[in-house]
Amino acid sequence: MSVKIEQSWKEYLGEEFEKPYFKLLTDFVRDEYKHHVCYPPAKLIFNAFDLCPFNEVKVVIIGQDPYHEPGQAHGLCFSVNDGVAYPPSLVNIFKEIEDDMGTPPHKTGNLICWVQQGVLLLNATLTVRAHMAGSHQRKGWEEFTDAVIKKISKEREHVVFLLWGSYAQSKSVYIDTEKHLVLKSAHPSPLSAYRGFFGNKHFSKTNDYLRQHGQQPIEW
């Protein structure tokens, strides 16, 4: 099956695109976008991959679902388009970065600057119907994004995985901790941020690890 995705990912994930589940997933997504308003825009479904080639991935942040309100989602977990109000989890992410790194607050919720430095902002489910959180879960996206995590774990070395909340932490079974750094904490949502996300210092720990392995740190 021909999938419009950045070439290096196409090479590493080509076998996934030929599996029966992916055909069913593609049919489902096409039908949803044809008959309903869905996010992100179709051309941005694989935005995280298109902006961050396979061999440039240094950090993986795992989210669950795209934002499901107008103008927010653009294919990068936790990120929103320029000019869009920060969702609560993103507010807390920026607060922790400021406390951890001493850097001033971001002027935009668009995290493309991270992606261009090698941060894969990976939602487990890559599409959603408008106003219906979780509406595209268990349709095949999770099988695909689990394959992405496994492939990075197998083929790369010294990647940092940031797993916030129980859902993201469940993906740790696919990661070789002998080769990679896995950092876990509570989710940054207002419901849980004070139970271990604030003060986790994941951003400085990530940069320390990258430096130790001869890689450029991330400008968070």
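The rules we used
Residues numbered from 1 in each chain as written. Predicted model: local features only at pLDDT ≥ 70, side-chain atom pairs only at ≥ 80, totals over all residues. Heavy atoms only, no water. Pairing = 2+ DSSP bridges. Helix = DSSP H or I, 4+ residues; strand = E, 2+ residues; numbered from the N terminus. Axes fitted to C-alpha atoms, helices over the stretch in contact; angles between N-to-C directions. Buried < 20%, exposed > 50% of the residue type's maximum accessible area, 1.4 Å probe, protein only. Contact = heavy atoms within 4.5 Å. Phe/Tyr/Trp six-rings, centres within 6.5 Å; stacked < 30°, edge-to-face > 60°.

**Details of the sheet that holds strand β5 (residues 160–164)**
No. 1: The strand order across the open sheet built from four strands is β3-β2-β5-β6, with neighbouring strands paired in parallel fashion. Looking at which strands have only one partner, the edges of the open sheet turn out to be β3 (119–123) and β6 (181–185). Ignoring which end each strand starts from, the neighbouring axes of this sheet average 20 degrees apart.
No. 2: Relative to β3, strand β2 (residues 59–63) is paired through five bridges, and the arrangement is parallel. By the bridge assignment, G63 is partnered in β3 with N123.

**Quick look at the pairing of β2**
No. 1: Counting buried positions along β2 gives five out of five residues, so the element sits mostly inside the fold.
No. 2: The side-chain alternation of β2 yields two buried faces, one formed by V59, I61 and G63 and the other by V60 and I62.
No. 3: For β2 and β5, the ladder comprises three bridges, and the chain directions are parallel. Note on β5: the bridge partner recorded for V59 is V160.

**So, the environment of P41**
No. 1: Mapping P41 onto the fold places it in the loop between β1 (38–39) and α3 (47–50).
No. 2: Residue P41 is classed as partly exposed on the basis of its relative accessible area, which comes to 36%.
No. 3: In this structure the C-alpha to C-alpha distance between P41 and K10, which are 31 residues apart in sequence, comes to 20 Å.
No. 4: Beyond its immediate stretch of four places on either side in the chain, P41 contacts Y33 and A73.

**Side note on the packing of aromatic side chains**
No. 1: Summed over the entire model, instances satisfying the criterion amount to 21 aromatic pairs.
No. 2: Measuring from centroid to centroid gives 6.1 Å for F49 and F144, while their planes differ by 55 degrees, and the two rings are tilted. Here F49, found in helix α3, pairs with F144, found in helix α6 (residues 141–155); they are 95 residues apart in sequence, far enough to count as distant. You'll find F49 and F144 in the same group, each marked buried.

That's the geometry; what it means functionally is another story.
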